[in-house]
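What the coordinates show
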Amino acid sequence: MILDAGSRARWVPGPELWSYKPMSDSTPSPSAVSAPTPEEPAASAASADEGRGAAPRRRRRAWRIGLVSVLAVVLVLVLGVGALGLWLRHSLGSKIETIDDPFSAISTRAPQQSVGANQKPATNILVLGSDSRISAGDPSQWEAGAQRTDAIMIVQVSGDRQEVSVVSIPRDTWVEVPGYGQAKINAAYSYGGPSLTIQTVEQLTGVHIDHFVIADFESFEALTDEIGGVVINLKTPQTLADTQFPAGAQRLNGAQALAYTRERKSLPGGDFDRINRQQAWMRAIVSQVLHGGILTDPTRLYGFLSAVTQTMAVDEGFTIDEMQSLAIDLRGLRSRNINFLTIPTAGTGTSEDGQSIVVRDEAADTPLYTALATDTVQEYLETHPDAVPRLPGTAN
């Protein structure tokens, strides 16, 4: 791996899985545009149910940020900020780090969705995130066998752009990793980076992945602070980042929300409850972006978008033009049209070599994967309302 210190970077798959090449940023952030401290909206259970100083030089990438960034771009490109629109588009686009085509190294792909005339296929984005203190997206700290991902999800935008489904795959799910045999699904990133992870997910689900996003939890903390905190329903009284909270709808800052999503050992469902907490944080961010005044305040929006673009890395095909097209199509999306799901499983178990794993329930997960591959998730959920675990209004 070649590192050019002090330069921004693009990731390039190569013989060593990664190499590193600089990418210049020709558009500086303007001193005249900064995000003021947002006014705190009133906390309410309803809003929670409707709904991760200067940044460090090392790029911290927010897990699951792909969906949030697409939703936030809506104002710039659809609701608009007048003459600033094109300038903002160029400025923000120049800050996004890209991964050189992770799909080219994959020999066997899942088939693309077949659609009729005048129809669009669904767009499927594989989003990875890490709770590691080593950034999941920093190639200068990546080494083979050293890193695994803590959050794996498929974000699907339906072909008619009326629904979004966020499907989490537990990190310990025991699957076939191409070329390596049976392993936890998060091992794929450790063995072969984005390309092998995409191939593993496509082989498991039969869903054709269109784009790839990677990030880490720590930058989600800064992003939460940028939007003035989030409202999350707490099921029980708890202490988060040295602050005590009663049960009910509470406004959490970034550090408190991060502590909320990191908890696992005290939760009755372990990693399954932790996934629900991660999704609850994401839901709260989406709700705050859509309903907290950010989309009607160009200054606050720029601050939010600037934070988003500096904290994510995407495949090179997920350009600002592609995001613009998706954003325009999603202009009518509302929080109620976003499904937060976790694949059905047969619970936990132990592998032959003694690892604690999540056991697949093929009879239950295969129909969900088929619905994703054919863009019929909403229809499947309506006809099988209890078949797939959904994010409750209040997570454990």
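Calculation notes
Residues numbered from 1 in each chain as written. Predicted model: local features only at pLDDT ≥ 70, side-chain atom pairs only at ≥ 80, totals over all residues. Heavy atoms only, no water. Salt bridge = Lys/Arg side-chain N within 4 Å of Asp/Glu carboxyl O. Helix = DSSP H or I, 4+ residues; strand = E, 2+ residues; numbered from the N terminus. Buried < 20%, exposed > 50% of the residue type's maximum accessible area, 1.4 Å probe, protein only. Polar contact = N/O pair within 3.5 Å; in protein donor to acceptor, adjacent residues only side chain to side chain. Contact = heavy atoms within 4.5 Å. Core = buried A, V, L, I, M, F, W, Y, C linked by side-chain atoms within 4.5 Å. Axes fitted to C-alpha atoms, helices over the stretch in contact; angles between N-to-C directions. Parallel < 35°, antiparallel > 145°, perpendicular 65-115°, else oblique. Nonpolar A, V, L, I, M, F, W, Y, C, P; charged D, E, K, R; others polar.

**Things to note about the pattern of salt bridges**
When their charged atoms lie close together, side chains carrying opposite charge are able to pair. Counted by the stated rule, this structure contains six salt bridges. Note that Arg161 is salt-bridged to Asp329, the shortest N-O span being 3.5 Å. One end of the pair, Arg161, is in the loop between β5 (151–157) and β6 (164–168); the other, Asp329, is in helix α9 (residues 320–329), and 168 residues separate them in sequence. Residue Arg161 is classed as buried on the basis of its relative accessible area of 10%. Residue classification places Asp329 among the partly exposed positions, given a relative accessible area of 22%. One salt bridge connects Asp365 with Arg360, and the closest N-O pair in it is separated by 2.9 Å. We classify Arg360 as partly exposed; its relative accessible area is 23%. Within the structure, one salt-bridge network assembled from shared partners comprises Lys120, Arg161 and Asp329.

**Quick word on helix α6 (residues 254–262)**
Taken as a whole, α6 has its buried residues at Gly254, Gln256, Ala257, Leu258, Tyr260 and Thr261. One side-chain oxygen of the residue at the start of α6 lies 3.2 Å from the amide nitrogen of Ala255, identifying that residue as Asn253.

**Describing the side chain of Thr342**
Turning to its location among the elements, Thr342 is positioned in strand β15 (residues 338–342). With a relative accessible area of 6%, Thr342 lands in the buried category. Residues contacting Thr342, with those up to four places away along its chain left out, are Ser168, Pro170, Ile275, Asn276, Gln279, Val388 and Pro389.

**Focus: the nonpolar core**
Counting 49 residues, the largest nonpolar core has Val164, Val166, Val230, Ile232, Tyr260, Trp281 and Phe304 as the members making the most contacts within it. For this core, the leading source of residues is helix α7 (residues 271–291), giving seven residues. Grouped together as the second largest cluster of nonpolar side chains are 35 residues, Ile99, Phe103, Ile169 and Leu196 included.

**Details of the packing of α6 against α7**
Closest axis-to-axis distance for the α6/α7 pair is 8 Å, and the angle between their directions is 155°. Considering their axes alone, α6 and α7 lie roughly antiparallel with respect to each other. Where α6 approaches α7, its residues Gly254, Ala257, Leu258, Tyr260, Thr261 and Arg262 are matched on the opposing element by Arg274, Arg277, Gln278, Ala280 and Trp281. Classifying every residue of the contact of α6 with α7 by side-chain character gives five nonpolar, three polar and three charged.

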